[in-house]
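# Topology and contacts: notes
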Amino acid sequence: QVQLQESGPGLVKSMQTLSLTCTVSGGSITGNNYFLAWIRQSPGKGLEWIGYIACAADISVYSSAFRSRAIISKDTSKNQVTLQLMSVTPAETAVYYCANEDGSDGKEAYDDWGQGTQVTVSS
């Protein structure tokens, strides 16, 4: 039973870097089948997929819309995955989620979701 919990600042100034952490419980990201994604949801743009990290391989993949300014990384010792999103704008005010896809279950779907964390970008 994997549980995810997002944490980070609720307020970020425009053009600064947003840093969020996803803490994983109920399993170790050193396993072979953890694919941790960052997704956000806002009224203006709906659901947006930012990217993911294949934890065992330590390989990150990003949506083209975020590739130039997003970094997803892991800290195995803390069982955490982080998102750094540079130069954020007020339009990126959203609820940010981390989600896990279990690569061993044969389904390309997210098996676990965090509760989300509200991030407001101020002008």
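Residues numbered from 1 in each chain as written. Predicted model: local features only at pLDDT ≥ 70, side-chain atom pairs only at ≥ 80, totals over all residues. Heavy atoms only, no water.

### Topic: the sheet that holds strand E3 (residues 18-25)
In space, the four strands of this open sheet follow the order E1-E3-E8-E7, with antiparallel pairing throughout. Here the strands that pair on one side only, and so sit at the sheet edges, are strand E1 (3-7) and strand E7 (70-75). Adjacent strand axes in the sheet meet at a mean angle of 20 degrees when their direction is disregarded. Sheet topology note: the E1/E3 ladder contains five bridges and is antiparallel. Directly across from Leu4, in E3, lies its bridge partner Val24. (Pairing = 2+ DSSP bridges. Helix = DSSP H or I, 4+ residues; strand = E, 2+ residues; numbered from the N terminus. Axes fitted to C-alpha atoms, helices over the stretch in contact; angles between N-to-C directions.)

### Examining the pairing of strand E6 (residues 59-62)
Examined bridge by bridge, strand E5 (residues 46-54) and E6 share four bridges and lie antiparallel to one another. Counted as the bridge partner of Gly51 is Tyr62 from E6. The hairpin formed by E5 and E6 contains four residues between the paired strands, and Asp58 there has a positive phi angle of roughly 55 degrees.

### Topic: the packing of aromatic side chains
On inspection of all chains with the given rule, the structure shows four aromatic pairs. Consider the rings of Tyr110 and Trp113, whose centres lie 5.6 Å apart with planes at 75 degrees: the pair is edge-to-face. An aromatic cluster is built from Phe35, Trp49 and Tyr52, whose rings are joined through pairwise contacts. (Phe/Tyr/Trp six-rings, centres within 6.5 Å; stacked < 30°, edge-to-face > 60°.)

### So, unusual backbone geometry
Although it is not a glycine, Asn79 adopts a positive phi angle of roughly 55 degrees. The backbone of Ser87 shows a phi angle near 50 degrees, a positive value even though the residue is not glycine. Among the secondary structure elements, Ser87 is positioned in the loop between strand E8 (80-85) and strand E9 (94-102).

### Some remarks on the nonpolar core
Nonpolar side chains in soluble globular proteins tend to end up buried together. Core analysis: the biggest nonpolar cluster contains 27 residues, and Leu18, Leu36, Trp38, Val81, Leu83 and Tyr96 have the highest contact counts within it. Among the elements of the structure, E3, strand E4 (34-42), E5, E7, E8, E9 and strand E11 (117-122) are those that each provide at least two residues to this core. If one sorts the elements of this core by residue count, E3 sits on top with four residues. Setting aside anything within four residues of it in sequence, one finds Leu83 in contact with Leu18, Ser19, Leu20, Trp38, Ile50, Ala70, Ile71, Ile72 and Tyr96. (Core = buried A, V, L, I, M, F, W, Y, C linked by side-chain atoms within 4.5 Å. Buried < 20%, exposed > 50% of the residue type's maximum accessible area, 1.4 Å probe, protein only. Contact = heavy atoms within 4.5 Å.)

### Some remarks on the pattern of salt bridges
Counting across every chain of the model gives three salt bridges. One salt bridge in this structure joins Glu48 and Arg40, with 2.7 Å as the shortest N-O distance. A residue is classified by how much of its surface remains accessible, and Arg40, at 3% relative accessible area, is buried. Here Arg40 makes a salt bridge to Glu92, at a shortest N to O gap of 2.9 Å. Residue Arg40 is located in strand E4, and its partner Glu92 is located in the loop between E8 and E9; the two are separated by 52 residues in the primary sequence. Ionic contacts of the salt-bridge type, sharing partners, join the residues Arg40, Glu48, Arg69 and Glu92 into one network. (Salt bridge = Lys/Arg side-chain N within 4 Å of Asp/Glu carboxyl O.)

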